[in-house]
Amino acid sequence: MPKVKLLMPADSTFLSSVIYEGLLYLIHKDHAQRFDLREIDFKPNFLSKAYSELEYEKIENVRIAMAGNDNLNSKLFEKLGSNLKSRKTFYDLIKMLKDNSGIIREKELVELQFRIFGKDNLLDLKRKSEGIAAPQLFKIDRYTGFSSLETPYTSKQLTFYISPEVALISLLGIYSSFILNVRQQDQNYNYFLFFSPDEVLKLLVEGSKDLVDRYFKLKKIATDELRKIIEKYPLNELMAIELATNLEIRRLMDSENLDKFSLFLFKIAPEGQTYKIYETIPLEIYESISFYEIAGKYFKDADKFIENLSDALSPDKILMEALSSLNKRNRYSEAENVLSAVQSLYRFVMLGDAQGFFGFLRGLEEARRKLENSKDKRETHRAGRYRRILARF
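Everything in this summary refers to the structure shown in the same document. (Residues numbered from 1 in each chain as written. Predicted model: local features only at pLDDT ≥ 70, side-chain atom pairs only at ≥ 80, totals over all residues. Heavy atoms only, no water.)

**So, the overall build of the protein chain**
For step 1, the next point in the chain: On a plain count of helices and strands, the protein chain comes out with 16 helices and 12 strands.
For step 2, the next point in the chain: For the protein chain, whose C-alpha radius of gyration is 24 Å, the value lies close to the compact-globule estimate of 21 Å for 393 residues.
For step 3, the next point in the chain: For the protein chain, the spread of C-alpha atoms along the principal axes amounts to about 70 × 50 × 45 Å.
For step 4, the next point in the chain: Within the span of the protein chain, comprising 393 residues, buried residues form 54% of the whole.
For step 5, the next point in the chain: Summarising the internal contacts of the protein chain: among those between residues at least 6 apart in sequence, 68% fall at separations of at least 24.
For step 6, the next point in the chain: Of the accessible surface of the protein chain, which amounts to about 18500 Å², a share of 46% is contributed by carbon and sulfur atoms. (Helix = DSSP H or I, 4+ residues; strand = E, 2+ residues; numbered from the N terminus. Rg over C-alpha atoms; globule rule 2.2 N^0.38 Å. Buried < 20%, exposed > 50% of the residue type's maximum accessible area, 1.4 Å probe, protein only. Contact = heavy atoms within 4.5 Å. Areas by Shrake-Rupley, 256 points an atom, 1.4 Å probe, with all protein chains shown as cover.)

As structure tokens, then:
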């Protein structure tokens, strides 16, 4: 029976996140027999079966290029006893692994533990010749590592090698966590969504596949909502508001008896021959927050009020349309007013500050006034759309 020993911490680094995402994905897809905080017992041929079941449509979305000096696309197949070689994209590598899943074999014991030998940092390896140089995406936490006065590694650069099994688990983590790639201001950004370290530890401690399945349901809804927002305008406050006011998430948390659900969003971009983490955004969703209490106190139908808020922020509505123009040459004249309105709404939703709601309405009213007497029919039409949102509140 294949076994994975969990000897590395579940923390907020990208490497840890992507490995534990892959492991939880395998549990979610019913490839584990039992698991806890220390180890996971998997079913025979779990990696081969997992890759055979991947969805082409989802693989198609993983449009991430490898760095120039990465060789995972050839070395992984070499370690699997094949002369296959994919193009240097994670999309093509994962697709070829699915198409050739029959060649995938795993050893009986995978030990997620770092070992340092000389100038090499090894994960699940005793010697580097058995492994593969980790691709740059897995080494993105290069500024986070071994540094203490008791070790000589503070000023040294270590080459990172991983076993084929770690590579395959991590690639499943990429497949499971990737949201989308967007181009903003002449730069490509990749977004990944992971369970927070706290949630990872909770799931492992509980040892319940049913709980893992419930968490993946919530994460799927959050992923879909975040994708819509990021495509338009990736404002952190807007992401937090949308997840907090999403009635589908709230109802699912209520039905599954979950009081808190936390995620970690990574924004990553290629930079020369490597990658850089531009932002890590913690996203916490509570089944009950002060915002809901305020909504219930001042509005007859709190759920309807929240639904109206969520609808106003939908990707196809005027608020998102105005915000998305901030990244374009033809910026809407009222875009800054809308941005101010959304930032005020964030204070209301996330902090329970009732004045934030009035700031939201004021920002939309200012946007309407700016447009209503315009000679441009497109602007007067937008003024009407703001008027209709205001009328709902």
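**Structural notes on the pattern of salt bridges**
For step 1, the next point in the chain: Scanning the model with the defined rule gives 37 salt bridges in all.
For step 2, the next point in the chain: With a shortest N-O distance of 3.8 Å, Lys128 and Asp120 are connected by a salt bridge.
For step 3, the next point in the chain: Given a relative accessible area of 41%, Lys128 falls into the partly exposed group.
For step 4, the next point in the chain: A salt bridge links Arg214 to Asp210; the nearest nitrogen and oxygen atoms lie 3.3 Å apart. With Arg214 and Asp210 both in helix 8 (residues 209–232), this residue pair falls 4 residues apart, about one helical turn. (Salt bridge = Lys/Arg side-chain N within 4 Å of Asp/Glu carboxyl O.)

By themselves, these are just geometric observations and shouldn't be taken as functional.
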